[in-house]
Number of protein chains: 8
Amino acid sequence: MSKTVGIVMGSKSDLPVMEAAGQVLDELGVSWEMRILSAHRTPEQAHEFAVTARDRGLKLIIAGAGMAAHLAGVMAGVSELPVIGVPLGASLGGFDSLLATVQMPPGVPVATVAVGKAGAKNAAWMAVRILALSDEDLRQRHLAARAAMTAKVLEADASIQ
Amino acid sequence: MSKTVGIVMGSKSDLPVMEAAGQVLDELGVSWEMRILSAHRTPEQAHEFAVTARDRGLKLIIAGAGMAAHLAGVMAGVSELPVIGVPLGASLGGFDSLLATVQMPPGVPVATVAVGKAGAKNAAWMAVRILALSDEDLRQRHLAARAAMTAKVLEADASIQ
Amino acid sequence: MSKTVGIVMGSKSDLPVMEAAGQVLDELGVSWEMRILSAHRTPEQAHEFAVTARDRGLKLIIAGAGMAAHLAGVMAGVSELPVIGVPLGASLGGFDSLLATVQMPPGVPVATVAVGKAGAKNAAWMAVRILALSDEDLRQRHLAARAAMTAKVLEADASIQ
Amino acid sequence: MSKTVGIVMGSKSDLPVMEAAGQVLDELGVSWEMRILSAHRTPEQAHEFAVTARDRGLKLIIAGAGMAAHLAGVMAGVSELPVIGVPLGASLGGFDSLLATVQMPPGVPVATVAVGKAGAKNAAWMAVRILALSDEDLRQRHLAARAAMTAKVLEADASIQ
Amino acid sequence: MSKTVGIVMGSKSDLPVMEAAGQVLDELGVSWEMRILSAHRTPEQAHEFAVTARDRGLKLIIAGAGMAAHLAGVMAGVSELPVIGVPLGASLGGFDSLLATVQMPPGVPVATVAVGKAGAKNAAWMAVRILALSDEDLRQRHLAARAAMTAKVLEADASIQ
Amino acid sequence: MSKTVGIVMGSKSDLPVMEAAGQVLDELGVSWEMRILSAHRTPEQAHEFAVTARDRGLKLIIAGAGMAAHLAGVMAGVSELPVIGVPLGASLGGFDSLLATVQMPPGVPVATVAVGKAGAKNAAWMAVRILALSDEDLRQRHLAARAAMTAKVLEADASIQ
Amino acid sequence: MSKTVGIVMGSKSDLPVMEAAGQVLDELGVSWEMRILSAHRTPEQAHEFAVTARDRGLKLIIAGAGMAAHLAGVMAGVSELPVIGVPLGASLGGFDSLLATVQMPPGVPVATVAVGKAGAKNAAWMAVRILALSDEDLRQRHLAARAAMTAKVLEADASIQ
Amino acid sequence: MSKTVGIVMGSKSDLPVMEAAGQVLDELGVSWEMRILSAHRTPEQAHEFAVTARDRGLKLIIAGAGMAAHLAGVMAGVSELPVIGVPLGASLGGFDSLLATVQMPPGVPVATVAVGKAGAKNAAWMAVRILALSDEDLRQRHLAARAAMTAKVLEADASIQ
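The model shown is predicted, which means the values in this text are computed figures rather than measured ones.

Chemist: Explain the overall build of chain A here, please?
Modeler: Helix and strand counts for chain A stand at 6 helices and 5 strands. For chain A, whose C-alpha radius of gyration is 16 Å, the value lies close to the compact-globule estimate of 15 Å for 161 residues. Buried residues in chain A amount to 66% of all 161 residues. If you take every contact in chain A between residues at least 6 apart in sequence, the share linking residues at least 24 apart comes to 67%. On chain A, roughly 5100 Å² of surface is accessible, and the fraction owed to carbon and sulfur atoms is 52%. Averaging the locations of the 14 positively and 15 negatively charged side chains of chain A gives two centres separated by 1 Å.

Chemist: Looking at this structure, how should I read the interface of chain G and chain D?
Modeler: Interface size is commonly expressed as the accessible surface area that is lost when the partners come together. Between chain G and chain D, the contact holds 24 residues from the first and 24 residues from the second. When the two sides are added together, the surface that chain G and chain D hide from each other amounts to roughly 2200 Å², 65% of it contributed by carbon and sulfur. Those elements that provide at least two residues to the side of chain G that touches chain D are helix H2 (43–52), helix H3 (71–78) and helix H4 (95–102) of chain G. Classifying every residue of the side of chain G that touches chain D by side-chain character gives 14 nonpolar, 7 polar and 3 charged.

Chemist: Sorry if this is basic, but what is going on with the interface of chain B and chain A here?
Modeler: Facing 42 residues of chain B, the contacting portion of chain A comprises 42 residues. Interface area for chain B against chain A, summed over the two sides, is near 3500 Å², with a carbon-plus-sulfur share of 60%. Applying the counting criterion to the chain B and chain A interface returns 4 salt bridges. Among the ionic pairs, Arg54 of chain B bridges to Glu136 of chain A, the shortest N-O distance being 3.9 Å.

Chemist: What should I look at first to understand the packing of helix H4 (residues 95–102) of chain B against helix H4 (residues 95–102) of chain C in this one?
Modeler: Between two packed helices, the angle of one axis relative to the other and the distance separating the axes together describe the packing. Following both chains from N to C, one finds H4 of chain B and H4 of chain C inclined at 105°, their axes separated by 8 Å at the closest point. Regarding the angle of H4 of chain B to H4 of chain C, the classification is roughly perpendicular. From H4 of chain B, Phe95, Asp96, Leu99 and Ala100 of chain B reach across to H4 of chain C, where they touch Phe95, Asp96, Leu99 and Ala100 of chain C. The residue inventory of the contact of H4 of chain B with H4 of chain C, partitioned by class, reads 6 nonpolar, no polar and 2 charged.

Chemist: Is there a simple way to think about the pairing of strand E1 (residues 5–9) of chain B in this case?
Modeler: Each regular strand shows side chains that alternate between the opposite faces of the sheet. All names here are of chain B. Of all 5 residues making up E1, 5 are buried, and the element is well covered by its neighbours. With burial as the criterion, each face of E1 is covered, one bearing Val5, Ile7 and Met9 and the other bearing Gly6 and Val8. Bridging between E1 and strand E2 (residues 32–36) involves 5 bridges; their strand directions are parallel. The partner of Gly6 across the bridge, within E2, is Glu33. Note: E1 against strand E3 (residues 60–65), 5 bridges, orientation parallel. Bridge assignment links Val5 to a residue of E3, and that residue is Leu60.

Chemist: Would you explain the relation of the copies chain G and chain D in this entry?
Modeler: The two chain copies are related to each other by a rotation about an axis together with a translation along it. Aligned on chain D, chain G shows an RMSD of 0.0 Å; the corresponding rotation is 180° and the shift along the axis is 0.0 Å. Put plainly, the chains are arranged around a two-fold axis. Of every C-alpha in chain G, the one belonging to Ala100 of chain G sits nearest the axis of rotation, 2.4 Å from it. Both copies present the same face, since 100% of the interface residues in chain G are matched by interface residues at the equivalent positions in chain D.

Chemist: Help me understand the pattern of salt bridges in this model?
Modeler: Where charged atoms of side chains with opposite charge meet at close range, the side chains can pair. Summed over all chains, the structure comprises 48 salt bridges over all chains. Between Asp157 of chain G and Arg35 of chain F there is a salt bridge, with the nearest N and O atoms lying 2.8 Å from each other. Placement of Asp157 of chain G in helix H6 (residues 136–159) and of Arg35 of chain F in strand E2 (residues 32–36) is noted, with the two residues assigned to different chains. Given a relative accessible area of 23%, Arg35 of chain F falls into the partly exposed group. Ionic contacts of the salt-bridge type, sharing partners, join the residues Arg54 and Glu80 of chain A together with Glu136 and Arg139 of chain B into one network.

Chemist: Would you mind showing me how to read the side chain of Asp157 of chain D here?
Modeler: The buried category is assigned to Asp157 of chain D, whose relative accessible area is 7%. In this structure Asp157 of chain D touches Met34, Arg35 and Ile36 of chain B, once residues within four positions along its chain are discounted.

Chemist: Where do I start with the environment of Ala148 of chain C in this structure?
Modeler: Along the chain, Ala148 of chain C falls in helix H6 (residues 136–159). Taking relative accessible area as the criterion, Ala148 of chain C reaches 44% and is therefore assigned partly exposed.

Chemist: Help me understand helix H3 (residues 71–78) of chain H in this model?
Modeler: Since one α-helical turn is 3.6 residues long, residues separated by three or four positions face the same way. Of all 8 residues making up H3 of chain H, 8 are buried, and the element is well covered by its neighbours. Turning to H3 of chain H, its buried residues number three or more, namely Leu71, Ala72, Gly73, Val74, Met75, Ala76, Gly77 and Val78 of chain H.

Chemist: Any chance you could explain the relation of the copies chain B and chain A here in plain terms?
Modeler: Mapping chain B onto chain A leaves a residual RMSD of 0.0 Å; the transformation is a rotation of 180° accompanied by 0.0 Å of translation along its axis. Of all interface residues in chain B, 100% are interface residues in chain A too; the two copies therefore contact each other through one and the same surface.

Chemist: When you look at the packing of aromatic side chains in this model, what are you seeing that I'm missing?
Modeler: Any two aromatic rings considered together are summarised by their centre-to-centre distance and by the angle between their planes. One pass over the full model with this rule turns up 4 aromatic pairs over all chains. Geometrically, the ring pair formed by Phe95 of chain C and Phe95 of chain D is edge-to-face, given 5.8 Å between the ring centres and 90° between the ring planes. One end of the pair, Phe95 of chain C, is in helix H4; the other, Phe95 of chain D, is in helix H4 (residues 95–102), on a second chain. The pair Phe95 of chain C / Phe95 of chain D is uniform in exposure class, with both members buried.

Chemist: Teacher, can you tell me more about the arrangement of the chains here?
Modeler: What separates chain D from chain F at the closest point of their C-alpha atoms is a distance of 14 Å, and the two make no contact. A minimum C-alpha distance of 14 Å separates chain B and chain G, which share no contact.

Chemist: Sorry, what's going on with the side chain of Thr42 of chain H here?
Modeler: Along the chain, Thr42 of chain H turns up in the loop between strand E2 (32–36) and helix H2 (43–52). Polar side-chain contacts of Thr42 of chain H include one of 2.9 Å to the backbone nitrogen of Ser38 of chain H. Filtering out sequence-adjacent residues up to four positions away, Thr42 of chain H remains in contact with Thr150, Val153 and Leu154 of chain E together with Leu37 of chain H.

Chemist: Is there a simple way to think about the packing of helix H1 (residues 15–28) of chain B against helix H5 (residues 117–131) of chain B in this case?
Modeler: All names here are of chain B. The contact between H1 and H5 brings their axes to 8 Å, and the two run at 30°. As far as their axial angle goes, H5 and H1 are roughly parallel. Relative to H5, H1 is oriented so that their crossing is right-handed. For the pair H1 and H5, contact is made by Pro16, Val17, Met18, Ala20, Ala21, Val24, Leu25 and Leu28 and by Lys117, Ala120, Lys121, Ala124, Trp125, Ala127 and Val128, respectively. Considering only residue class, the contact of H1 with H5 consists of 13 nonpolar, no polar and 2 charged.

Chemist: Hey, could you run me through the environment of Leu131 of chain C in this one?
Modeler: Residue and element names in this part refer to chain C. Positionally, Leu131 belongs in helix H5 (residues 117–131). Residue classification places Leu131 among the buried residues on the basis of a relative accessible area of 8%. For the pair Leu131 and Lys59, spaced 72 residues apart in the sequence, the C-alpha separation amounts to 7.9 Å. When neighbours within four sequence positions are excluded, Leu131 is seen to be in contact with Thr4, Val5, Val30, Lys59 and Leu138.

Chemist: Mind showing me how you'd approach the environment of Asp157 of chain A here?
Modeler: The sequence separation of Asp157 of chain A and Gly22 of chain A amounts to 135 residues, and the corresponding C-alpha distance is 29 Å. A polar contact of 2.9 Å, which involves the side chain of Asp157 of chain A, links it to the backbone nitrogen of Ile36 of chain C.

Calculation criteria
- Residues numbered from 1 in each chain as written.
- Chains lettered and ligands numbered in written order.
- Predicted model: local features only at pLDDT ≥ 70, side-chain atom pairs only at ≥ 80, totals over all residues.
- Heavy atoms only, no water.
- Helix = DSSP H or I, 4+ residues; strand = E, 2+ residues; numbered from the N terminus.
- Rg over C-alpha atoms; globule rule 2.2 N^0.38 Å.
- Buried < 20%, exposed > 50% of the residue type's maximum accessible area, 1.4 Å probe, protein only.
- Contact = heavy atoms within 4.5 Å.
- Areas by Shrake-Rupley, 256 points an atom, 1.4 Å probe, with all protein chains shown as cover.
- Lys, Arg positive; Asp, Glu negative; His and termini not counted.
- Charge placed at Lys NZ, Arg CZ, Asp CG, Glu CD.
- Buried area = accessible area lost by both parts, 1.4 Å probe.
- Nonpolar A, V, L, I, M, F, W, Y, C, P; charged D, E, K, R; others polar.
- Salt bridge = Lys/Arg side-chain N within 4 Å of Asp/Glu carboxyl O.
- Axes fitted to C-alpha atoms, helices over the stretch in contact; angles between N-to-C directions.
- Parallel < 35°, antiparallel > 145°, perpendicular 65-115°, else oblique.
- Pairing = 2+ DSSP bridges.
- Least-squares fit on C-alpha atoms with pLDDT ≥ 70 in both.
- Phe/Tyr/Trp six-rings, centres within 6.5 Å; stacked < 30°, edge-to-face > 60°.
- Polar contact = N/O pair within 3.5 Å; in protein donor to acceptor, adjacent residues only side chain to side chain.
- Left-handed = near helix turned anticlockwise from the far one by under 90°.

Spatial relationships are all this shows, so hold off on functional conclusions.
Below, the structure is given as structure tokens:
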């Protein structure tokens with residue numbers, strides 16, 4: 001059966017960070033598939049993935065990459081789907097992957113989220129917001145999850161009084 | 001009649017940059033409304049806008065702000081809709097508004113695009129990609145626009161041979 | 001009984017850093033209350049806190065937040081009280097929270113101090129300076145604390161001769 | 001007659017930026033004096049100014065400086081008054097004066113505001129917030145000014161509908 | 001007849017900078033072709049160019065791009081030829097295109113030169129050094145050009161005595 | 001017998017990073033020699049190395065250095081050979097060695113690769129690409145190595161399905 | 001008996017880094033005294049030290065400080081002696097102390113060296129170069145030390161052949 | 001007759017900035033010679049200049065260079081004299097030349113001053129401080145010049161009262 005979100009990353013070493021996106025999607029009941037695709041080492045496969053993404057039923061693509069992070073840009077150039085980019089930076093303070101992801105030229109946007117694991121989670125949350133526009137059930141789960149987040153902060157607040 | 005995209009910005013001085021988003025949406029046939037709302041100077045109005053956004057028919061929000069750019073974050077905190085943030089930087093090389101927009105904590109994502117006018121345009125292009133997920137007509141216009149962009153590059157390429 | 005300084009932070013994980021502000025205030029005999037309030041996850045509560053701050057007797061607000069640090073800005077937008085912002089940065093070298101805190105637009109200032117625990121302490125020291133303007137007893141304790149700081153450096157200096 | 005706020009700057013070339021602080025204070029009815037004092041070229045005079053500031057009736061000090069901006073730090077080290085620092089950066093993107101102003105060690109805080117003219121204005125606005133804690137008339141003027149700022153944004157908002 | 005160096009750039013607006021590379025190659029007698037190819041707007045054409053580059057006789061590729069500069073990386077991923085990347089930065093101080101060009105992952109190198117026109121020239125000079133390894137005539141012209149550069153500095157030196 | 005690639009570094013402490021370049025060259029069957037030469041502490045020896053490099057049979061030079069990384073620039077100034085620079089940064093986020101390596105003036109290019117070990121490897125891969133222009137056997141080994149890299153990503157991709 | 005070099009630092013926690021300067025001076029036979037003086041916590045003592053430095057026989061001052069590093073600037077403003085500044089950075093990648101030390105205004109120079117322990121050593125080496133201008137014995141020791149440094153690199157080079 | 005200070009720069013385009021150093025030295029009565037020497041384009045001449053500097057009577061060297069600014073480092077590596085480095089930055093916010101100048105490895109210090117014209121002046125002022133250690137007449141002129149600087153600030157201060 002077709003999945004809704006494609007999570008791609010440039011290297012298996014990105015898995016521990018990017019699986020946080022899968023966990024958020026699981027909690028919200030959004031199906032996903034995960035692929036290791038390199039813009040530079042497997043350009044054909046990355047291209048193929050992007051070209052066929054919509055026909056295979058994907059609604060949007062989450063792409064995580066580090067260093068000169070081109071994977072999200074490649075997805076956005078080839079596919080018509082919304083692409084969310086997660087900068088997976090380590091060297092140069094993380095500025096390399098952030099700037100290589102967010103500074104896309106007009107017409108080929110990448111919706112960029114925060115650097116690292118916080119960003120991997122937020123890529124999933126952004127996917128949920130987008131998909132909830134036409135999925136009332138998901139929307140209700142999103143609202144419930146937001147309420148739970150709020151409750152958790154309130155609890156933390158109460159716990160220190 | 002209700003609009004589809006809300007374009008908000010923190011100051012009237014942001015208008016020359018942010019109207020580039022409106023122009024792209026116009027070209028693609030997506031309706032929009034534009035508001036000047038300050039996260040800091042009109043927090044009530046910004047809050048009210050975000051709280052009522054969905055009920056007034058908005059599908060998503062594009063927020064542009066400079067310096068300590070909080071407007072997109074406020075929108076994302078209050079509203080359940082997808083929020084696209086445009087960093088409108090001038091001082092400190094533009095790093096202030098970029099980092100203040102993109103580095104959102106888990107659960108409250110802002111889909112950040114490039115700094116300045118390129119980003120304002122891409123906010124609109126990202127809105128189009130999202131809306132096209134459930135609007136086949138818009139999708140066809142998006143594909144045509146993408147083809148036109150490609151053609152323009154090919155023409156430029158031909159012109160220098 | 002009402003407290004003088006409100007210390008707010010965006011997440012319970014900020015507690016180990018921000019309690020350094022409480023310790024300085026304790027040493028100087030300034031009463032404080034501490035709250036976990038998120039500009040993005042509990043915007044209503046953050047707003048409510050800021051709106052009622054002065055009526056509950058608070059004289060000023062110390063706000064610590066990381067990443068796209070908006071909490072101090074929200075406080076300064078809603079409340080008329082002086083707001084002191086502590087950038088709690090970890091990613092991107094700490095530049096994200098610093099710039100998101102300090103670069104406030106005209107009319108809505110946040111008195112920003114250093115990044116991290118040094119800043120949490122200095123937020124308290126700045127509060128003491130402000131409150132001492134109209135509290136002669138506190139002023140004397142401040143002068144004594146300053147003398148003690150000086151003495152400690154002199155002692156360290158003597159210890160290496 | 002004694003003034004309430006001391007505005008100091010490191011060089012006459014800083015005047016066009018720093019007089020924005022004086023203008024805000026004038027609008028709010030707060031008296032001020034302005035001095036050119038260099039932490040490095042007139043250290044004695046800078047020291048003398050800081051030592052005598054409180055006895056001459058000053059309640060707080062606004063210090064603007066560029067490059068390796070030490071003037072605010074000198075004021076905070078010598079005087080017990082609250083010191084607000086304005087980074088007047090030009091070279092290295094403005095990062096030099098920002099970091100040299102904000103990164104003060106524990107016990108000697110400088111309340112840092114934004115780089116450049118926005119910061120000069122906000123230094124005055126922060127002074128107003130502090131002084132309004134014990135001056136109900138000033139507080140009312142501050143509230144009125146805040147209402148006017150809000151009104152101005154609302155007007156701008158209305159003007160583009 | 002086949003050319004030796006392929007100069008590609010992402011947009012016609014890059015032409016004024018990138019033609020400096022052509023001029024240096026002309027002076028050294030190295031043939032070149034120039035193409036406008038966008039990694040994001042014409043990914044098929046960019047891919048096609050890279051795939052066929054060697055068979056059409058190209059020895060190496062010079063790629064200039066700005067913002068999230070992916071063009072050089074795409075060339076290096078698809079083609080086996082040496083790729084020289086020119087960061088054409090304007091926003092964010094030029095750090096975006098520099099980091100997006102140089103921080104390539106192991107196995108897919110881009111030989112990165114300086115930002116802007118100095119880099120466009122040096123891309124050509126690097127091409128000359130590489131080609132001269134197996135072209136004694138070119139090597140002699142390179143040595144002569146180096147001698148001329150040295151002479152020019154010596155002349156400038158003499159002119160100020 | 002003469003070697004093909006000269007790997008030089010500024011300090012023995014750079015060895016653990018730079019030997020990654022030697023390993024890649026070994027795998028591809030390219031001979032190399034390694035030298036510790038400091039642009040600042042052994043300028044005569046560094047100069048001598050560069051002057052004689054070509055006559056001793058070297059085809060290109062890989063230079064790794066940290067901090068104010070001048071070694072690659074010295075090589076490029078003295079020798080006519082292609083020079084590949086590896087920024088070995090630790091302090092200031094690695095920006096010091098990156099900028100000191102890549103920002104060479106026109107006429108004296110250094111082909112700069114990524115910071116640290118990824119860069120050391122890529123310096124070797126760039127050397128392979130250059131040398132393969134006139135060595136069909138090496139070219140075949142390069143193509144095989146590229147195929148192996150692709151296969152490894154495909155395997156990783158398969159392993160997570 | 002009077003010392004030749006004054007080594008000052010802002011805090012006892014700087015000692016492990018700054019004593020590297022003393023060790024280099026010891027090896028070269030230059031006498032020194034060490035003081036903990038804070039530009040902000042002991043401004044009087046710092047001022048007194050600088051005012052009397054020359055009369056007590058000091059020839060130059062080495063000042064190490066972190067964060068908003070003002071100590072070297074204070075020394076250079078008050079004393080006529082050459083002042084060498086060591087940026088002792090930890091937060092914000094070390095950029096805060098570097099910029100706060102090096103960006104001094106015209107007429108009040110601080111000779112700035114590298115960040116951290118490398119800089120502490122180089123402050124001493126710079127002192128040696130300056131003092132050797134009028135001390136032939138020291139000059140000979142400096143030349144010998146330079147020769148030893150060269151020899152050490154040559155040895156390291158030999159050790160890897 | 002032999003000169004006291006050697007002012008070197010990498011390119012004739014640096015002259016408008018670097019002649020500010022000559023003007024300060026003229027005002028203080030210190031003789032100087034000026035040379036255009038490139039670490040990369042005229043390495044032999046730069047080396048020769050540094051090797052013979054002391055024997056020709058120079059006491060110290062001021063070196064200005066931009067981009068990957070290696071000239072001061074070359075001088076410090078070859079000559080035993082104190083070397084003062086002026087970062088002449090334009091691209092990348094000036095960070096390239098600053099970091100390439102200041103981050104020298106232990107044993108080979110460059111006394112770095114501010115970026116650009118302020119730095120060119122301060123290089124001269126630092127030279128004066130060093131030379132005044134053994135030249136009482138120059139010392140008196142330095143003290144007078146410092147007094148004049150102080151007077152100028154005091155005058156500016158008086159002019160705005």
